[in-house]
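Coordinates in review
Single-letter residue listing:
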Amino acid sequence: MRAAVLRDGRMVLRDDVPDPIPGLGQVLVAIRACGICGSDLHFAAHGRQMLDMTERVMRGSGGTAVDLTRDIFMGHEFSAEVLEAGPDTDTHPAGTMVTSIPVLLSATGVEPIVYSNHTVGGYAERMLLSAPLLLPIPNGLDLKHATLTEPMAVGLHAVNKSNIAAGETALVLGCGPIGVAIIAALRARGVENIVASGFSTKRRELATTVGAHQTLDAADGSPFDTVQPAVVFEAIGVPGIIDDVLLRARPGTRLVVAGVCMEADTFHPFFAIAKEINVQFCLAYTPEEFAESLRGLAEGETDVTALITGEVGLDGVGAAFDDLADPERHGKILVTP
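Per an unreviewed UniProt entry, the protein goes by the name Alcohol dehydrogenase and belongs to Mycobacterium sherrisii.

Looking at the domain arrangement of the protein
Domain boundaries assigned for the protein yield domain 1 (3-136 + 304-335) and domain 2 (150-281). Between domain 1 and domain 2, the C-alpha centre-to-centre distance is 28 Å. On the domain 2 side, the residues contacting the 18 residues of domain 1 number 14 residues. Summed over both sides, the interface of domain 1 with domain 2 buries roughly 1,300 Å², with 67% coming from carbon and sulfur. The largest per-residue losses of area from domain 1 upon contact with domain 2 belong to L307, P327 and E328, which jointly make up 35% of the total buried on that side. At the boundary of domain 1 and domain 2, one finds 0 salt bridges.

Overview of helix α3 (residues 149-162)
The terminal C-alpha atoms of α3 lie 20 Å apart, and with 14 residues this matches the ideal 20 Å at 1.5 Å per residue to within 8%. Extensive coverage of α3 is indicated by the burial of 12 of its 14 residues. Of the positions making up α3, those classed as buried are T149, E150, P151, M152, A153, V154, G155, L156, H157, A158, V159 and S162. Just beyond α3, the residue with positive phi is N163, at close to 55°.

Regarding the side chain of T119
Here T119 lies in the loop between β8 (109-112) and β9 (126-130). The contacts of T119, once residues within four sequence positions are left out, are F73, L104, E111 and I113.

Considering the sheet that holds strand β1 (residues 3-7)
The 3 strands are arranged β2-β1-β4 in an open sheet whose pairing can be described as antiparallel. In this open sheet, the two strands that pair with only one neighbour each are β2 (10-14) and β4 (72-73). Bridge count between β1 and β4: 2 bridges; the pairing is antiparallel. Along β4, the bridge assignment pairs L6 with I72.

Focus: the sheet that holds strand β14 (residues 231-234)
Strand order in this open sheet of 6 strands is β13-β12-β11-β14-β15-β16, and the pairing throughout is parallel. Lying at the two open borders of the sheet, with one neighbouring strand each, are β13 (214-217) and β16 (278-281). When strand polarity is set aside, the average angle formed by the axes of neighbouring strands in this sheet is 20°. Seen against the sheet, helix α4 (residues 177-189) touches β11 (169-173), β12 (193-198) and β14 and runs at an angle of roughly 165° to β11. Sheet strands touched by helix α6 (residues 241-248): β11, β14, β15 (254-257) and β16. Its angle to β15, the strand with the most contacts, is close to 170°.

Some words on the environment of H76
Within the secondary structure layout, H76 lies in the loop between β4 and β5 (77-85). Residue H76 is classed as buried on the basis of its relative accessible area, which comes to 6%. Taking the C-alpha atoms as reference, H76 lies 11 Å from M127; in sequence the two are 51 residues apart. Excluding residues that lie within four positions of it along the chain, H76 makes contacts with C34, C37, S39, D40, P102, I113, V114 and E150.

What about the pairing of strand β18 (residues 332-335)?
With burial as the criterion, each face of β18 is covered, one bearing K332 and L334 and the other bearing I333 and V335. Bridge count between strand β3 (residues 26-35) and β18: 2 bridges; the pairing is antiparallel. Each residue of the ladder has a partner; that of C34, found in β18, is V335. One ladder, built from 4 bridges, connects strand β17 (residues 308-312) with β18; its direction is parallel. From the neighbouring strand, G310 faces β18, where its bridge partner is I333.

Re the pattern of salt bridges
If you walk through the whole model with that rule in mind, you get 17 salt bridges. With its nearest N and O atoms 3.4 Å apart, the salt bridge here joins E125 to R2. Here E125 is found in the loop between β8 and β9, whereas its partner R2 is found in the segment before β1, with 123 residues between them in sequence. Residue class for E125 comes out partly exposed when judged on its relative accessible area of 22%. R2 sits in the partly exposed class, given a relative accessible area of 26%. Close ionic contact of D244 with R248 constitutes a salt bridge, the shortest N to O distance being 2.7 Å. With a gap of 4 residues between them, D244 and R248 both fall in helix α6, about one helical turn apart. On the basis of relative accessible area, D244 is assigned to the partly exposed category, the value being 28%. The partly exposed category is assigned to R248, whose relative accessible area is 36%. In the salt-bridge network here, residues are joined through shared partners; they are R7, R14, D16 and D71.

Re the packing of α3 against α4
The N-to-C vectors of α3 and α4 enclose an angle of 60°; their axes lie 7 Å apart at closest approach. By the angle between their directions, the pair α3 and α4 is classed as oblique. Viewed along their axes, α3 and α4 form a crossing whose handedness is right-handed. Seen from α3, the contacting residues are P151, M152, G155, L156, A158, V159 and N160; seen from α4, they are A181, I182, A184, A185, L186 and R189. Of the residues in the contact of α3 with α4, the class split is 10 nonpolar, 2 polar and 1 charged.

About the criteria used
- Residues numbered from 1 in each chain as written.
- Predicted model: local features only at pLDDT ≥ 70, side-chain atom pairs only at ≥ 80, totals over all residues.
- Heavy atoms only, no water.
- Domains from an automatic or database assignment.
- Contact = heavy atoms within 4.5 Å.
- Buried area = accessible area lost by both parts, 1.4 Å probe.
- Salt bridge = Lys/Arg side-chain N within 4 Å of Asp/Glu carboxyl O.
- Helix = DSSP H or I, 4+ residues; strand = E, 2+ residues; numbered from the N terminus.
- Expected span 1.5 Å × (residues − 1).
- Buried < 20%, exposed > 50% of the residue type's maximum accessible area, 1.4 Å probe, protein only.
- Pairing = 2+ DSSP bridges.
- Axes fitted to C-alpha atoms, helices over the stretch in contact; angles between N-to-C directions.
- Parallel < 35°, antiparallel > 145°, perpendicular 65-115°, else oblique.
- Left-handed = near helix turned anticlockwise from the far one by under 90°.
- Nonpolar A, V, L, I, M, F, W, Y, C, P; charged D, E, K, R; others polar.

Here's what the structure looks like:
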């Protein structure tokens, strides 16, 4: 079968990937659409750094090994159609449209469907999923929109960690995929004043589309000159942002760090201590939040139509990775095998 794989830092098309064979508790699915995630772009450019950092965190915990000298499968934001089940596996009938948290259960353990030399991801014609983790896509939900279940769940998780109330002001720093997902979750929760700050005009427009009440051009100065929020969501992930927030935020502010900074960073604890600022780091989501994200999309609580700005086949994944480097051109590009 065909699949787009990462090879020497570039996405290339293969047409000789063996068809996956479902084992006990697994199903074979046909990919209908898969979103390109910012973390995939970062891995393509900084794979060694990401693996080294992960190894440091997972040391002694059996972290997943990835060989950068071999082809790497990726793609974890997908919608798919059930084709067949593995032996002695009860699951949804063939033809059911599904999505799932990107995890594959097998006799050898748990494999995240993120970066792997052997477990095929969503940039392929077919892949394996775990039968117990499948969620049927509600009838009527566009399969392309369903691919955004995963990134929207990331935003929902950050909002849940914040414990924000409807009457509190939220400031979202960064209008990339994580920032937009946070804004959508805030709006769905009924937060009445959502302010978003970013450099990209196009992404600020997307922020407004999904629910920001006000957007600020980061090039015009600090957003704290305009708004004093109760909760700040950091969705940029570059050094220096946390320290700047701690310096500028008002006493009692809650800071939720959702941007994934892969570099060493420094900040002044005194700023946070003097103001009693609460700092919460967060990553990914729970299975319950994933299911809630799918429900929200299906019931129209979040309209993601404007976020999908491009679509390519498996032979166009490499060019799409290049295009996504320009924030003024695209929001989310889908791969449709």
